[in-house]
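# Residue-level structural notes
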Amino acid sequence: MAVGEVMRMEIPAGGDMSVTSPELHVLAVDDSIVDRKVIERLLRISACKVTTVESGARALQYLGLDGDKGASGLKDLKVNLIVTDYSMPGLTGYDLLKKIKESSVFREIPVVIMSSENILPRIEQCLREGAEDFLLKPVKLADVKRIKELIMRNEAEDCKTLSHSNKRKFAEYIDDASSPSPSSSSTHDESAAKDFPSSKRMKSEDEKFSSLL
């Protein structure tokens, strides 16, 4: 598979493809071609679309975060998850994580760090910086499935929250449209007050009437 190529699921000829859940698009970053092939295969088995790149710098270029607006022709595609190796020459996985979390566009994309070294301070550092998870190599199919389920559950909750927010805003709009404005209500009350005589004025008129008798 060529670097930067997007894997797509094919629809069987003569048949319909039933989709039970939205397909995730994963950007996998690793300088090792062997590890790239492994994570790519695991993601494809888990029914994910995959784009693989060989370095952190190439990942930034793909996302359009390298300062060159025309660097990537695929940067407009939606990316649901970024999986990156920690130890890479040049830009490390930790550096890539920081760049992504500093971006106003991509900071909400979950980032999972992979490493063959089980170094606790490194793991804690990545998690503090916003990594979704830290996987030890060799990555297993169970790891990928767990991460995928977590991402899809989070996205489903986000969609549910957005739906509730839209319903609430619509209800507020209907209420505002159907209720009279404060200014018209105030004007109506003032008009009614002018038309209806006050108790003091009625009392004064009664006294005048009594003096005539």
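Definitions and limits used
Counting starts from 1 at the beginning of each chain's written sequence and moves along it residue by residue. Per-residue local features are limited, in this predicted model, to residues with pLDDT of at least 70; the limit for side-chain atom pairs, both in listing and counting, is 80 or more; totals at the level of whole chains, interfaces and linings are taken over all residues. Hydrogens and water are ignored here; the side-chain numbers use all heavy atoms of the structure. Helix and strand definitions here come from DSSP, where helices need a minimum of 4 consecutive H or I residues and strands a minimum of 2 consecutive E residues; each element is numbered from the N-terminal end. The cut-offs for exposure are 20% and 50% of the maximum accessible area for each residue type, with area from a 1.4 Å probe on protein chains only; residues under the lower value are buried, those over the upper are exposed, and the others partly exposed. Contact between two residues is taken to exist if any of their heavy atoms lie within 4.5 Å; hydrogens are not considered. Areas reported here follow the Shrake-Rupley algorithm with a probe of radius 1.4 Å; residue values treat only the protein chains shown as occluding. At least two bridges found by DSSP between two strands is the condition for calling them paired. Axes, fitted as lines to C-alpha atoms, cover a helix only where it is in contact. Angles between the N-to-C directions of the axes lie from 0 to 180 degrees. In these notes, a set of buried Ala, Val, Leu, Ile, Met, Phe, Trp, Tyr and Cys residues joined through side-chain atoms within 4.5 Å is what counts as a nonpolar core.

## Considerations on the overall build of the protein chain
On a plain count of helices and strands, the protein chain comes out with 7 helices and 5 strands. Looking at the protein chain residue by residue over its 213 residues, the buried ones come to 32%. Once local pairs closer than 6 in sequence are excluded, the contacts in the protein chain between residues at least 24 apart make up 65%. Counting only carbon and sulfur atoms, one obtains 54% of the accessible surface of the protein chain, whose full area is about 14,000 Å².

## Section: the sheet that holds strand β3 (residues 81–85)
The strand order β2-β1-β3-β4-β5 describes an open sheet built from 5 strands, whose pairing is parallel. Two strands close off the open sheet at either side, each with one partner strand: β2 (49–53) and β5 (133–136). Across the sheet, the axes of successive neighbouring strands diverge by a mean angle of 20 degrees, strand direction being ignored. Here strand β1 (residues 25–29) pairs with β3 via 4 bridges, running parallel. Bridge assignment links Val-26 to a residue of β3, and that residue is Leu-81.

## Notes on the nonpolar core
Ranked by internal contacts, the top residues of the largest apolar core, which has 24 residues, are Leu-27, Val-29, Leu-63, Ile-82, Ile-113 and Cys-126. Looking at this core, the elements with two or more residues in it are β1, α2 (56–63), α3 (93–102), β4 (111–115) and α4 (120–128). The next biggest cluster of nonpolar side chains, apart from the first, holds 18 residues, and it includes Ala-28, Val-139, Ile-147 and Met-152.

## Considering the pairing of β5
On a regular strand, one side chain projects to one face of the sheet and the next to the other, so that they alternate. Judged from the 4 bridges that link them, β4 and β5 form a sheet pairing that is parallel. Paired with Ser-115 across the bridge in β5 is Leu-136.

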